[in-house]
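Listed here are the chains, written in short residue letters.
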Amino acid sequence: MKQILFKNTTISYTDTGKGIAIVLLHGFLENKKMWNHFIPELTQKNRVITIDLLGHGATECLGYVHTMEDNADVVHAVLSELRIRKAIFVGHSMGGYVALAFAELYPDTIKGLVLLNSSARADSAERKKNRDRAIKAVKQSSVNFISLSIGNLFSENNRERLATTIENVKKEALQTPLQGIVASLEGMKIRQDREVLLHLTPFPKLLILGEKDPVLNYEETKEQIENTEVQLITFPDGHMSHLENQDELLAVLLSFFKSI
């Protein structure tokens with residue numbers, strides 16, 4: 001595990017392997033450990049960087065709102081430290097929002113983009129209200145909020161099958177500080193719509209969705225890539241493809257990286 005200072009804030013990351021750089025960005029209530037299963041295979045031919053986003057894992061909080069742009073700047077600071085000029089990005093859920101913000105701010109750095117269970121659209125009015133409700137619930141009891149939230153990310157038919165896995169995800173999530181949770185919810189709530197990037201950017205793009213994702217409406221999310229060259233891969237499960245469809249996801253990622 002390595003660290004840099006960004007605006008007097010400790011940022012934690014890993015850097016392993018050699019070859020074309022791949023940056024793996026975790027989602028809300030996750031941390032860089034979510035990619036541990038994939039790193040041994042990916043580092044066979046690539047340099048893999050994982051980063052704890054603001055207020056998650058071993059990275060400190062920066063303020064009361066962690067915008068997607070703040071996180072993108074953190075990622076850029078890590079890549080600058082490592083002297084990486086171009087990379088392929090994989091972002092899970094909130095990590096996808098950060099990758100899109102990065103693509104807007106630093107377009108020349110992106111070699112390819114994978115949005116995993118993520119969306120380029122801004123929150124709807126209803127979704128923003130849900131974020132506010134979530135912030136209220138977190139402040140009342142972050143333990144209850146996390147316990148309820150994590151199970152709901154998996155498709156119903158996987159909740160029993162992956163019960164042990166879900167418990168492990170909860171344990172990791174419970175280490176996220178209250179300020180980190182609230183700051184991320186505030187940041188996601190005000191994020192910009194970046195659907196235009198799916199249409200106008202020149203680099204290869206891949207959207208991976210779960211058909212029974214309880215968080216992202218499959219049909220609505222799929223609409224974003226109509227009349228684009230974005231590839232679509234659909235898994236039959238929920239929001240946590242890296243756990244619900246682990247082997248299939250690895251095969252898809254390896255194939256995409258090979259094609260770039």
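What this report covers is the structure whose coordinates are included nearby. (Residues numbered from 1 in each chain as written. Predicted model: local features only at pLDDT ≥ 70, side-chain atom pairs only at ≥ 80, totals over all residues. Heavy atoms only, no water.)

### What to know about the overall build of the chain
Then, in step 1: When its secondary structure is counted, the chain shows 11 helices and eight strands.
Then, in step 2: Relative to the 2.2 N^0.38 estimate, which gives 18 Å for 260 residues, the radius of gyration of the chain is 17 Å and therefore close to what a compact globule would have.
Then, in step 3: Dimensions along the principal axes, computed over C-alpha positions, put the chain at roughly 45 × 40 × 35 Å.
Then, in step 4: With 260 residues in all, the chain has 55% of them scored as buried.
Then, in step 5: Accessible surface for the chain amounts to roughly 11,800 Å². Of this, 49% is attributable to carbon and sulfur atoms. (Helix = DSSP H or I, 4+ residues; strand = E, 2+ residues; numbered from the N terminus. Rg over C-alpha atoms; globule rule 2.2 N^0.38 Å. Buried < 20%, exposed > 50% of the residue type's maximum accessible area, 1.4 Å probe, protein only. Areas by Shrake-Rupley, 256 points an atom, 1.4 Å probe, with all protein chains shown as cover.)

### Remarks on empty space enclosed by the protein
Then, in step 1: Inspection of the entire model under this criterion finds one cavity of 30 Å³ or more.
Then, in step 2: By volume, the largest cavity is sized at about 30 Å³.
Then, in step 3: Considering only residue class, the lining of the largest cavity consists of three nonpolar, two polar and three charged. (1 Å grid on protein atoms, 1.4 Å probe; cavity = no way out; pocket = protein on both sides within 12 Å on 5 of 7 lines; lining within 4 Å. Points joined across faces, edges and corners; volume = space filled by probe spheres on them. Nonpolar A, V, L, I, M, F, W, Y, C, P; charged D, E, K, R; others polar.)

### Comments concerning the layout of surface pockets
Then, in step 1: For the largest pocket, the calculated volume is near 600 Å³.
Then, in step 2: Lining the largest pocket are 26 residues, with Arg131, Phe145, Ser149, Leu153 and Val215 sitting closest to its centre.
Then, in step 3: Those elements giving two or more residues to the lining of the largest pocket turn out to be helix H3 (94-105), helix H4 (125-140), helix H5 (142-151) and helix H7 (178-189).
Then, in step 4: A class-by-class count of the residues in the lining of the largest pocket yields 13 nonpolar, 10 polar and three charged.

### Here we look at the packing of aromatic side chains
Then, in step 1: In total, this model carries four aromatic pairs according to the counting rule given.
Then, in step 2: Measuring from centroid to centroid gives 4.6 Å for phenylalanine 89 and phenylalanine 102, while their planes differ by 35°, and the two rings are tilted. Residue phenylalanine 89 is found in strand S5 (residues 87-92), and its partner phenylalanine 102 is found in helix H3; the two are separated by 13 residues along the sequence. Here the two residues phenylalanine 89 and phenylalanine 102 agree in accessibility, since each one is buried.
Then, in step 3: It is arginine 191 that lies over the ring of tyrosine 97; its NZ or CZ is 3.7 Å from the centre.
Then, in step 4: Its end group placed over the ring of phenylalanine 203, lysine 205 keeps NZ or CZ at 4.8 Å from the ring centre. (Phe/Tyr/Trp six-rings, centres within 6.5 Å; stacked < 30°, edge-to-face > 60°. Lys NZ or Arg CZ within 6 Å of the ring centre and 35° of its normal.)

### Concerning the nonpolar core
One recurring pattern in soluble globular proteins is that nonpolar side chains are buried together.
Then, in step 1: Core analysis: the biggest nonpolar cluster contains 60 residues, and Val23, Leu25, Ile51, Val75, Phe89 and Ile150 have the highest contact counts within it.
Then, in step 2: With eight residues, H3 is the single largest residue contributor to this core.
Then, in step 3: Ignoring sequence-local partners within four residues, the contact set of valine 23 consists of Ile49, Ile51, Val75, Leu79, Ala87, Ile88, Phe89 and Val90.
Then, in step 4: Judged by nonpolar contacts, the second largest core, of 21 residues, contains Leu24, Phe38, Val90 and Phe256. (Core = buried A, V, L, I, M, F, W, Y, C linked by side-chain atoms within 4.5 Å. Contact = heavy atoms within 4.5 Å.)

### Things to note about the pairing of strand S1 (residues 2-6)
Then, in step 1: Sheet topology places S1 next to strand S2 (residues 9-16); five bridges connect them, and they run antiparallel. Residue pairing across strands places lysine 2 opposite tyrosine 13, the latter belonging to S2.
Then, in step 2: Taking the residues between adjacent antiparallel strands as the criterion, S1 and S2 are bridged by two residues, where lysine 7 takes a positive phi near 50°. (Pairing = 2+ DSSP bridges.)

### A word on unusual backbone geometry
Then, in step 1: Unlike most non-glycine residues, arginine 83 shows phi in positive territory, near 55°.
Then, in step 2: Checked against the element boundaries, arginine 83 lands in the loop between helix H2 (68-81) and S5.

### A few points about H2
Then, in step 1: Taking 1.5 Å per residue, 14 residues should reach 20 Å; H2 reaches 20 Å between its end C-alpha atoms and fits that length.
Then, in step 2: Phi turns positive, to about 55°, at arginine 83, one or two residues after H2. (Expected span 1.5 Å × (residues − 1).)

### Overview of the environment of isoleucine 110
Then, in step 1: Along the chain, isoleucine 110 turns up in strand S6 (residues 110-116).
Then, in step 2: Sequence separation of isoleucine 110 and threonine 201 is 91 residues, and the distance between their C-alpha atoms is 9.7 Å.
Then, in step 3: Dropping the residues within four chain positions of it, isoleucine 110 is found in contact with Lys86, Ala87, Phe89, Ala99, Phe102, Ala103 and Phe203.

### Some thoughts on the packing of H2 against H3
Then, in step 1: For the pair H2 and H3, interaxial distance at closest approach is 8 Å and the crossing angle is 70°. Regarding the angle of H2 to H3, the classification is roughly perpendicular. Between H2, through Met68, Glu69, Asn71, Ala72, Asp73, Val75, His76 and Leu79, and H3, the contact on the second element is made entirely by Met94, Tyr97, Val98, Ala101, Phe102 and Leu105.
Then, in step 2: Among the residues forming the contact of H2 with H3, the class breakdown is 10 nonpolar, two polar and two charged. (Axes fitted to C-alpha atoms, helices over the stretch in contact; angles between N-to-C directions. Parallel < 35°, antiparallel > 145°, perpendicular 65-115°, else oblique.)

Note that every value here comes from positions in space, so none of it alone points to a role or purpose.
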